[in-house]
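# Tertiary structure, described
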Amino acid sequence: MATSSKTTPTILIVTTCRWLSAARLSVALTKAGCKVEAVCPPGHPLTKTGTVARPHVYRWWRPLASFEKAIIATEPGLIIPCDDLAVRHLHRIYQRAQNPSIRELIARSLGRPESFPILYARTSFLKLAKQEQDRIPETEMLPDLDALRKWTARVGFPT
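Please read all numbers here as calculations on a predicted model, not as lab measurements.

## Focus on the nonpolar core
Ranked by size, the top nonpolar core spans 18 residues in total, and within it Val-14, Phe-67, Ile-79 and Ile-106 carry the most contacts. Counting only elements with at least two residues in this core, the list comes to β1 (10-14), α2 (63-74), α3 (84-96) and α4 (100-110). When neighbours within four sequence positions are excluded, Ile-106 is seen to be in contact with Ile-79, Leu-90, Ile-93, Tyr-94, Gly-111 and Phe-116. Judged by nonpolar contacts, the second largest core, of 11 residues, contains Leu-29, Cys-34, Leu-46 and Cys-82.

Here's what the structure looks like:
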């Protein structure tokens, strides 16, 4: 996949929910000189910003097809997922894609494919982030409600 224009990078924002952060991101990317397209649910705030060149509808009953159709139509230089489910969809598209350019685009956007599985193991991911000295919230595996009560008594609020 190549960018649609040699001078203006095309960014495809993909989201499965109606969080405002995706709309804010679109505004910021447009101000930075990017062309923004998006895959989002109907009525998403992204479609009301005036910054999305072409919105593509996210259909929850055909999520992978929604994303794949937009990727092919947009030919973005980069895809930015705005929620965990969008990341999962992109991982699945990567796994099943026959087109090497789609696989390369997803890898360029999300990082090395061999790192994809760690995102599904939150504890491992957070341990890795802590080793890299990233700031992360206090976390712990809690097997039941009693363990949660003890943990919040020890750690405090907000939690």
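## Brief notes about the confidence of the model for the chain
When pLDDT is averaged along the chain, the result is 90, and 96% of the positions lie at 70 or above. Considering only residues more than four positions removed or in separate chains, one finds that residues 1-5, a stretch of pLDDT under 50, has 18 contacts.

## Some points on the packing of aromatic side chains
For the structure on display, the rule yields three aromatic pairs. Judged by centre distance (5.6 Å) and plane angle (90°), the rings of Trp-60 and Trp-61 are edge-to-face. The ring centre of Tyr-94 lies 4.0 Å from the NZ or CZ of Arg-103, which sits over that ring.

## Quick notes on α2
Taking 1.5 Å per residue as the helical rise, α2 with its 12 residues ought to reach 16 Å, and the 17 Å between its terminal C-alpha atoms agrees with that figure. Taken together, the buried positions of α2 are Pro-63, Leu-64, Ser-66, Phe-67, Ala-70, Ile-71 and Thr-74. Angular distribution of buried residues about the axis of α2 spans 160°; they occupy a single face of the element. The exposed residues of α2 that point more than 90 degrees off its buried face are Lys-69 and Ile-72. Buried residues in α2 make contact with β1, β2 (35-40), β3 (52-57), β4 (78-81), α3 and α4. In the segment just after α2, Glu-75 is the residue with positive phi, at about 50°.

Procedures and definitions
- Residues numbered from 1 in each chain as written.
- Predicted model: local features only at pLDDT ≥ 70, side-chain atom pairs only at ≥ 80, totals over all residues.
- Heavy atoms only, no water.
- Core = buried A, V, L, I, M, F, W, Y, C linked by side-chain atoms within 4.5 Å.
- Buried < 20%, exposed > 50% of the residue type's maximum accessible area, 1.4 Å probe, protein only.
- Helix = DSSP H or I, 4+ residues; strand = E, 2+ residues; numbered from the N terminus.
- Contact = heavy atoms within 4.5 Å.
- pLDDT = per-residue confidence, 0-100.
- Phe/Tyr/Trp six-rings, centres within 6.5 Å; stacked < 30°, edge-to-face > 60°.
- Lys NZ or Arg CZ within 6 Å of the ring centre and 35° of its normal.
- Expected span 1.5 Å × (residues − 1).
- Arc of directions from axis to C-beta.

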